[in-house]
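Examining the three-dimensional arrangement
Now for the letters of each chain:
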Amino acid sequence: MRISPALLWLKAHLTGSVAARVKLSMRSPSDGLRFSTAVVALHNRETRLTSQWRRGDLTLDQLMERSRRLTDLRQALIHVSSPTAFARSHDNLLDHVRDPHPPAGTRALAGSLESLLSPDQCRERVVSVLADAVWSGRLNSLHTLRAEVLAAARISARGESPPTLSDAVANVFDALQARAPLGACLSVEWGVVRHLRTEMLTNREGPDGPVGTNCLPLPAALRDAERSGSLPTRLSPLTLDGPPKPRRATSLKPQWRPGASSC
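Quick notes on the rules
- In this numbering scheme, every chain counts its residues from 1 along its sequence in written order.
- In keeping with the predicted nature of the model, local features appear solely for residues at pLDDT of at least 70, side-chain atom pairs appear and are counted solely at 80 or more, and the whole-chain, interface and lining totals rest on all residues.
- The side-chain quantities take in all heavy atoms of the structure and omit both hydrogens and water.
- As a per-residue measure, pLDDT tells how confident the predictor is, with possible values from 0 to 100.
- Should any heavy atoms of two residues lie within 4.5 Å, those residues are considered in contact.
- By definition, any uninterrupted DSSP run of H or I lasting at least four residues is a helix, any uninterrupted run of E lasting at least two residues is a strand, and each is numbered from the N terminus.
- Given a helix with a known number of residues, its expected span is that number minus one, times 1.5 Å.
- The salt bridge definition used is simple: a Lys or Arg side-chain nitrogen within 4 Å of an Asp or Glu carboxyl oxygen.
- Under the scheme applied here, a residue whose accessible area is under 20% of the maximum for its type counts as buried, over 50% as exposed, and between as partly exposed, the area being computed with a 1.4 Å probe on protein chains only.
- Note on geometry: axes are C-alpha line fits, over the in-contact stretch for helices, and angles between N-to-C directions span 0 to 180 degrees.
- Less than a right angle of anticlockwise turn of the near helix away from the far helix marks a crossing as left-handed, whereas a clockwise turn marks it as right-handed.
- Ten residues, namely Ala, Val, Leu, Ile, Met, Phe, Trp, Tyr, Cys and Pro, are considered nonpolar, four, namely Asp, Glu, Lys and Arg, are considered charged, and the remaining ones, Gly among them, are considered polar.
- We call a set of buried residues a nonpolar core when its members are Ala, Val, Leu, Ile, Met, Phe, Trp, Tyr or Cys and they connect through side-chain atoms within 4.5 Å of each other.

On to the confidence of the model for the protein chain. Averaged over all residues, the pLDDT of the protein chain is 76; the fraction at 70 or higher stands at 68%. Throughout residues 102-111 the model reports pLDDT below 50, and contacts reaching past four residues in sequence, or to other chains, amount to 11 contacts. Confidence drops under a pLDDT of 50 for residues 218-242, and excluding neighbours within four residues, the segment shows 3 contacts in the predicted structure.

Let's shift gears to helix α3 (residues 32-55). Taking 1.5 Å per residue as the helical rise, α3 with its 24 residues ought to reach 34 Å, and the 35 Å between its terminal C-alpha atoms agrees with that figure. Directly beyond the C-terminal end of α3, a positive phi value near 90° is found at G56.

Within the structure shown, the criterion is met by 10 salt bridges. The closest approach of N and O atoms between R55 and D57, which form a salt bridge, is 2.8 Å. With relative accessibility at 55%, the residue R55 sits in the exposed group. Between D174 and R197 there is a salt bridge, and its shortest N-O distance comes to 2.9 Å. Linking D174 in helix α9 (residues 165-178) with R197 in helix α10 (residues 188-201), this pair joins segments that are 23 residues apart in sequence. Of the residues examined, D174 reaches a relative accessible area of 37% and is grouped as partly exposed. Looking at R197, the relative accessible area reads 19%, which means it is buried.

In this section: the packing of helix α5 (residues 83-97) against helix α7 (residues 119-135). Viewed as axis vectors pointing N to C, α5 and α7 meet at an angle of 145°, and their least axial separation amounts to 8 Å. Both α5 and α7 take part in a crossing whose hand is right-handed. Between α5, through P83, T84, F86, A87, H90, D91 and L94, and α7, the contact on the second element is made entirely by C122, R125, V126, V129, L130 and A133. Taken together, the residues of the contact of α5 with α7 sort by class into 9 nonpolar, 2 polar and 2 charged.

Attention now goes to the nonpolar core. Counting 26 residues, the largest nonpolar core has L130, L145, V149 and F173 as its most contacted members. Listing elements by their share of this core, those giving two or more residues are α7, α8 (142-156), α9 and α10. Element by element, the count of residues in this core is highest for α8, at 7 residues. If we ignore the near neighbours within four places in the chain, the residues touching L130 are P83, L139, E148, V149, A152, V172 and L176.

Right under this line is the structure:
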């Protein structure tokens, strides 16, 4: 249900809702004041989240839920829908929440938030949001998916012993296919992933080299069905021959008269 601007304004100013301020800014993209107000509100809420975590007022699950919600709002405010960009923004927020020198008396973060910011966990979050976008049908463009896979592979290659880009890309595709829902092998998304994987990993110039990602070839069965289905539309309609026309009568000489004979 679409909320009217008046109700959004009341919700933003009476309750201090960050989501309402973000929606107001999104509905008026040329209004710089609403945009800056939403940015300040997001920053204040992130600062409040950091303080709550460092005081020990939040569990780890609550921290993850609220940080994801704030990341969603920030990405919506700047009109970014990239799954890998979301993962990077979320990790940046968690990194800001983490305090490397906690004051005395607060909880130790080594066993909780520190583990969430490890390279393995960062890679897991990147692949998770990417797989969710792919298998939900929100990311089935070859060109866009290729850029997202490369971004995820470069993030994955930032470990202590980074693999080659080809290995990182292969790992991303392995993770995507492992997270495919039941029956996904019959979907369009599966064909897109398989086709793009072949193109990127067999490219002579490497996965980030130029590849033909603008056209997804149809399977042979679909090509034949499409060809046979469109054949009548390409042919001109046939016209049946009419009945044979009678032979024209032989014209007689003007001076001929009935009964006249040359004999």
